[in-house]
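Descriptive structure summary
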Amino acid sequence: MKENLAPKYDHKAVEEGKYDHWVKEGYFTAGDKSKDPFTIVIPPPNVTGILHIGHAWDNTLQDIIARYKRMQGYDMLYLPGMDHAGIATQAKVDERLKSEGVSRYDIGREKFLERAWEWKEEYASTIRKQWAKLGNSLDYSRERFTMDEGFNKAVRHVFVTLYNEGLIYRGWRIINWDPEARTALSNIEVYYQDDPGKMYYMRYKVVETGEEFHVATTRPETMFGDVCVVVNPNDKRYQHLIGKHTINPANGQELPIIGDDYIDMDFGTAIMKCTPAHDPNDFAIAERHNLPKPICMNPDGTMNELCGEFKGMDRYAARTAVIEKIRREGNLIKIEDIMHNVGHSERTHCVVEPYLSQQWFVKMKPLADDVLKNQQDPDQKISFYPERFEKVFTQWLENIEDWCISRQLWWGHRIPAWYNKQTGETYVGEEDPKDPENWTQDEDVLDTWFSSALWPFATLGWPEDTPDYERYYPTSTMVTGYDIIFFWVARMAFQARHFTKQRPFKDVLIHGLIRDSQGRKMSKSLGNGIDPMKVIDQYGVDSLRFFLTTNSTPGQDMRYIPEKVEAAWNFINKIWNASRFVLMNLPEGMTMEDIDLSNLSASDAWILNKLNLVLLHVTENMEKYEFALVGNELYSFVWDDFCSWYIEMSKASLSSEDEHVRKAAQSTLLVTLNAIVRLLHPFMPFVTEEIYLKMPHEKESICLESWPKPIRDLPESNLASMDRIISIIAKIREIKTASDLKPSAHLDVMIRDLDGNVIPVDANQAAMMERMAKTTWVESLSGDLSVQTVPNGSFYIPSSELLDPEKEKAKLNAEVKRLEGELKRSAGILSNAGFLAKAPKEKVELEQKKQADYEKQLALVKERLAALNS
């Protein structure tokens, strides 16, 4: 007895058990050396929590590519892994400790790291379950973690190599300091926003002459680190002050007045206080003039011993207190409310403090220049989809700054540098010192992005020359968001170029951000985040995947709209019901070998030729990562051509007494449905597996199926003729509704081509028109006739049967407007010199034919309007 699908589509029942079976059977395990390799490494999620809707989008795009390439016959490696996410994970573990009433300082570094590893195992387990729920076809036998033993070896090798090459150095520089996390940040870990603030104007006196001048600052708490006051040596108002001294109104300290042309004579008071340890521009001035660089703030954002009575106060409390003191002493002139651009930590969101600190840096320019050079080579460049993001990538590399890579954290890759306790000598090496009792290791760890920059090759066993590295590197496609082109894509590019002498991946597919239905960024404060696991429970993972990958073009943001996820569910339900119809109408025991396409009707040939066209377009767009175009075309083909039209057309054939007619329809239904589930499999793997296994099939799972190929040796089908008949049927149904005619009301119809010649209709098409629209084709009609335009022609019906003249005029006027719009669009295309020069000859000729057809249709409509108006 043949097996059919359940009467109702139930996504939970459909998803049950399938993923575990796929993994157990090894369907996702790479290693078939008879095939060409294709590699995607998953952008490793941070082990800080559960996956969000952005991860779901990112992962689904990757999985679509992976499943598609597997079906195309590639040895597909889709490699999973996770990132230790230094500062983010440490913050989460700190929070957990705080809830237990302790801090990391209470338990010490080793115990803290034990707790961090426990956190990692807990959340890694959750992430794996979520990967499974999303249907990611990952090769778990190759899963990696950015702090596993092999990765740690790679990180050390890279650090030591760059150090020995002079590309890593340690030095005192102004860096971005996060007082809450108590760590340095790189420039791209800081975001800027306009914050309300105040500009404080203060009175300074010249020691030697007693004259006054004014200085303004937004950060009076840093005045305890001031070393001088600076004027422009070309400023005639203040030239005479250079070499003299003034009194710091915060602490009474005497400061020299110096000249430096950095000072803008037209900005503010044109006199600036200089705080070298707390401002990068002031630091540069101090370097030029050989000035001291005193630090007046502690790492936690409190004031230090230089600040006298304000020692220990928070920086903002000290700001208020210092200004109050200056006011009391008569040196405060005024306070202005301002809005200014302030840097914030990307992780803790606190205001970043420019801070003089000894840190480790990577010298970036040589590394960036190497990548930029190779972007000029078509065989070596990284190709961006969309192409415009290459400019974002290259502009950042062209304006690169040295990268601060040390972080004052405990969770992360410890910097492989040691300092001799007796001599102060520095040792940097891949192995620990042989006499560790004489050495102290650097307390800092490396920026998370330092290790994740090695992801495409270290995951495959590099720096060892492993079989996986030999076979699967460089990787094929990287999928990631535009927001981390600087953070990650550029860093993978220069590390790969420097250490492997190759690009890390051939293509980068860039997607945008998911926003809420109002277009707002998702955030905890707005409470508008979406948990993909809840969406899956409600609508199923196939619905979520189809929505996520067919509602945005590459590089664009997407809005999460629940109604569109529901629409995806409805589409799957439509496929389900159509599949039930097909299965119920197949003969008992039919196999794929029983397919016979030798006696196709016009409608059979029409849907199969349509399928071939769809397959051509879909494959072209899959190669270009245009999944929204793929989704739209498949939706239209399945819903309209297959379900709404062909299934209806097939019913007459299925009930025919002619066995050849029945078998042709059954074979056509099976061939088309088989192709549909395979084309949709990368988007919706679970429901396509369920349908595939209920159909006659050749493989034990759709995961092992191949990508559909065009159906060869089809009888020629006049697609234009069938499309015209379908359009006539649809329009007649609309006309009957508008004219208050019953669907069963009979109408005669005459069809003409665009040159006015009567078009004959074959018996099959005539039967379709009779059965589906209660319409009889006739060779001629007399009397007053209503005209309707359809693709490649027009049709006529007696006016007496239809709309009143005013309603018909309204419809015809609307058609005139539509056709005039099409003609305007076509004229624009055909007057475009670039299009005419670059487009294939066939495309130009097609557009010219469209233009001619629109002109003929417009003439017909206007002729009918003139008759109605006469």
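Residues numbered from 1 in each chain as written. Predicted model: local features only at pLDDT ≥ 70, side-chain atom pairs only at ≥ 80, totals over all residues. Heavy atoms only, no water.

Bringing the overall build of the protein into the picture now. From N to C terminus, the protein includes 26 helices and 29 strands. Seen through its C-alpha atoms, the protein measures out along the principal axes to roughly 115 × 70 × 50 Å. The contacts in the protein between residues at least 6 apart in sequence include a share of 77% that link residues at least 24 apart. Total accessible area on the protein stands at roughly 38,700 Å², and carbon and sulfur atoms take up 49% of it. Of note, the protein has its 105 positive side-chain charges centred 2 Å away from the centre of its 132 negative side-chain charges. (Helix = DSSP H or I, 4+ residues; strand = E, 2+ residues; numbered from the N terminus. Contact = heavy atoms within 4.5 Å. Areas by Shrake-Rupley, 256 points an atom, 1.4 Å probe, with all protein chains shown as cover. Lys, Arg positive; Asp, Glu negative; His and termini not counted. Charge placed at Lys NZ, Arg CZ, Asp CG, Glu CD.)

A few words on unusual backbone geometry. Backbone torsion omega between tyrosine 385 and proline 386 reads 0°, so that peptide bond is classified as cis. Mapped onto the elements of the fold, proline 386 is located in the loop between strand 15 (383-385) and helix 10 (389-398). A cis amide bond links tryptophan 462 with the next residue in sequence, proline 463, at an omega value of 15°. Inspection of the secondary structure assignment puts proline 463 in the loop between helix 12 (455-458) and helix 13 (467-472). The phi dihedral of asparagine 290 is positive, around 55°, even though this residue is not glycine. Summarising the element assignment, asparagine 290 is placed in the loop between helix 7 (280-289) and helix 8 (315-328).

This brings us to the packing of helix 16 (residues 541-550) against helix 21 (residues 685-694). Two quantities define a packed helix pair, namely the angle between the helix axes and the distance between the axes. Where helix 16 meets helix 21, the closest approach of the two axes is 7 Å, and the angle between their N-to-C directions is 125°. One element, helix 16, and the other, helix 21, form an angle in the oblique class. Two secondary-structure elements touch here, helix 16 through Val541, Asp542 and Arg545 and helix 21 through Pro685, Phe686 and Val687. Split by residue class, the contact of helix 16 with helix 21 holds 4 nonpolar, no polar and 2 charged. (Axes fitted to C-alpha atoms, helices over the stretch in contact; angles between N-to-C directions. Parallel < 35°, antiparallel > 145°, perpendicular 65-115°, else oblique. Nonpolar A, V, L, I, M, F, W, Y, C, P; charged D, E, K, R; others polar.)

Right, let's get into the packing of aromatic side chains. A complete count under the given rule lists 43 aromatic pairs for this structure. Consider the rings of tyrosine 204 and phenylalanine 213, whose centres lie 5.6 Å apart with planes at 15°: the pair is stacked. Each of the two residues, tyrosine 204 as well as phenylalanine 213, counts as buried. Ring centres of phenylalanine 546 and phenylalanine 683 lie 6.0 Å apart, and the angle between their planes is 70°; this geometry places the pair in the edge-to-face category. Here phenylalanine 546 is found in helix 16, whereas its partner phenylalanine 683 is found in the loop between helix 20 (659-680) and helix 21, with 137 residues between them in sequence. For phenylalanine 546, a relative accessible area of 5% puts it in the buried group. The structure contains a cluster of three or more aromatic residues connected by ring pairs, namely Tyr385, Phe546, Phe571, Tyr625, Phe627, Tyr635, Trp639 and Phe683. Stacked on the ring of phenylalanine 361, the Lys or Arg arginine 173 has its end atom at 4.5 Å from the ring centre. Lying over the aromatic face of tryptophan 639, lysine 574 brings its terminal NZ or CZ to 4.7 Å of the ring centre. (Phe/Tyr/Trp six-rings, centres within 6.5 Å; stacked < 30°, edge-to-face > 60°. Buried < 20%, exposed > 50% of the residue type's maximum accessible area, 1.4 Å probe, protein only. Lys NZ or Arg CZ within 6 Å of the ring centre and 35° of its normal.)

Along its 16 residues, helix 6 (residues 149-164) runs 23 Å from first to last C-alpha, staying within 8% of the 22 Å computed at 1.5 Å per residue. Listed in full, the buried residues belonging to helix 6 are Phe151, Ala154, Val155, Arg156, Val158, Phe159, Val160, Thr161 and Leu162. Positive backbone phi, at 80°, marks glycine 166, one or two positions downstream of helix 6. (Expected span 1.5 Å × (residues − 1).)

Bringing the UniProt feature "binding site: ATP" (unreviewed entry) in the protein into the picture now. Following the UniProt record, one finds the feature "binding site: ATP" (unreviewed entry) at Lys524. Mapped onto the fold, lysine 524 is located in the loop between strand 24 (514-515) and helix 15 (532-539). Judged by its relative accessible area of 78%, lysine 524 is exposed. (UniProt positions renumbered as here; feature names shortened; annotations may be inferred.)

Glancing now at the domain arrangement of the protein. In terms of domain boundaries, the protein breaks down into domain 1 (31-167 + 364-405 + 447-511), domain 2 (183-353), domain 3 (541-711) and domain 4 (720-869). Its C-alpha centre places domain 1 at a distance of 56 Å from the equivalent point of domain 4. (Domains from an automatic or database assignment.)

This brings us to the side chain of histidine 498. One can find histidine 498 in helix 14 (residues 485-500). For histidine 498, the side chain forms a polar contact with the side chain of glutamate 165, separated by 2.7 Å. Once residues within four sequence positions are removed from consideration, histidine 498 is found in contact with Leu162, Glu165, Leu167 and Leu367. (Polar contact = N/O pair within 3.5 Å; in protein donor to acceptor, adjacent residues only side chain to side chain.)

Our next topic: the sheet that holds strand 8 (residues 212-217). What the 3 strands build is an open sheet, ordered 8-7-13; its pairing is antiparallel. The open sheet terminates on both sides in strands that have one partner only, identified here as strand 8 and strand 13 (332-345). This sheet shows a mean twist of 20° between the axes of neighbouring strands, independent of strand direction. Bridge analysis of strand 7 (residues 190-205) against strand 8 gives 6 bridges, and the strand direction is antiparallel. Each residue of the ladder has a partner; that of tyrosine 201, found in strand 8, is alanine 216. Seen against the sheet, helix 8 touches strand 7 and strand 13 and runs at an angle of roughly 165° to strand 13. (Pairing = 2+ DSSP bridges.)

In spatial order, the strands read 10-11-9-12; together these 4 strands make up an open sheet with mixed pairing. With one partner strand each, in any of the chains shown, strand 10 (245-247) and strand 12 (271-274) form the two edges of the open sheet. Ignoring strand direction, the axes of neighbouring strands in this sheet form an average angle of 35°.

Covered by surrounding structure in strand 18 (residues 417-420) are Ala417 and Tyr419 together with Trp418 and Asn420, the residues of both alternating faces. Looking at chain direction, strand 18 and strand 19 (residues 426-428) are connected through 3 bridges and run antiparallel. Bridging across to strand 19, tyrosine 419 finds its partner in threonine 426. Between the antiparallel neighbours strand 18 and strand 19 lie 5 residues, among them glycine 424 with a positive phi of about 80°. Pairing of strand 18 with strand 20 (residues 439-441) involves 3 bridges; the strand directions are antiparallel. Bridging across to strand 20, tyrosine 419 finds its partner in threonine 440.

So, about the packing of helix 4 (residues 86-99) against helix 5 (residues 104-134). It is at 9 Å that the axes of helix 4 and helix 5 come closest, and there the two elements cross at 110°. One way to sum up the angle between helix 4 and helix 5 is to call them roughly perpendicular. The way helix 4 lies across helix 5 gives a crossing that is right-handed. Between helix 4 and helix 5, the contacting residues are Thr89, Gln90, Lys92, Val93, Asp94, Arg96 and Leu97 on the first element and Arg104, Ile107, Phe112, Arg115, Ala116, Trp119, Glu122 and Tyr123 on the second. For the contact of helix 4 with helix 5, the per-class residue count stands at 7 nonpolar, 2 polar and 6 charged. (Left-handed = near helix turned anticlockwise from the far one by under 90°.)

Let us now look at the pattern of salt bridges. One pass over the structure, following the stated rule, counts 52 salt bridges. The salt bridge involving lysine 69 is made with glutamate 623; its shortest N-O contact spans 3.3 Å. Note that lysine 69 is positioned in helix 3 (residues 53-71) and glutamate 623 in helix 18 (residues 602-623), a separation of 554 residues in sequence. Given a relative accessible area of 7%, lysine 69 falls into the buried group. As a salt-bridge pair, arginine 520 and aspartate 516 come within 2.7 Å of each other at their nearest N and O atoms. With a relative accessible area of 32%, arginine 520 lands in the partly exposed category. A residue is classified by how much of its surface remains accessible, and aspartate 516, at 7% relative accessible area, is buried. (Salt bridge = Lys/Arg side-chain N within 4 Å of Asp/Glu carboxyl O.)

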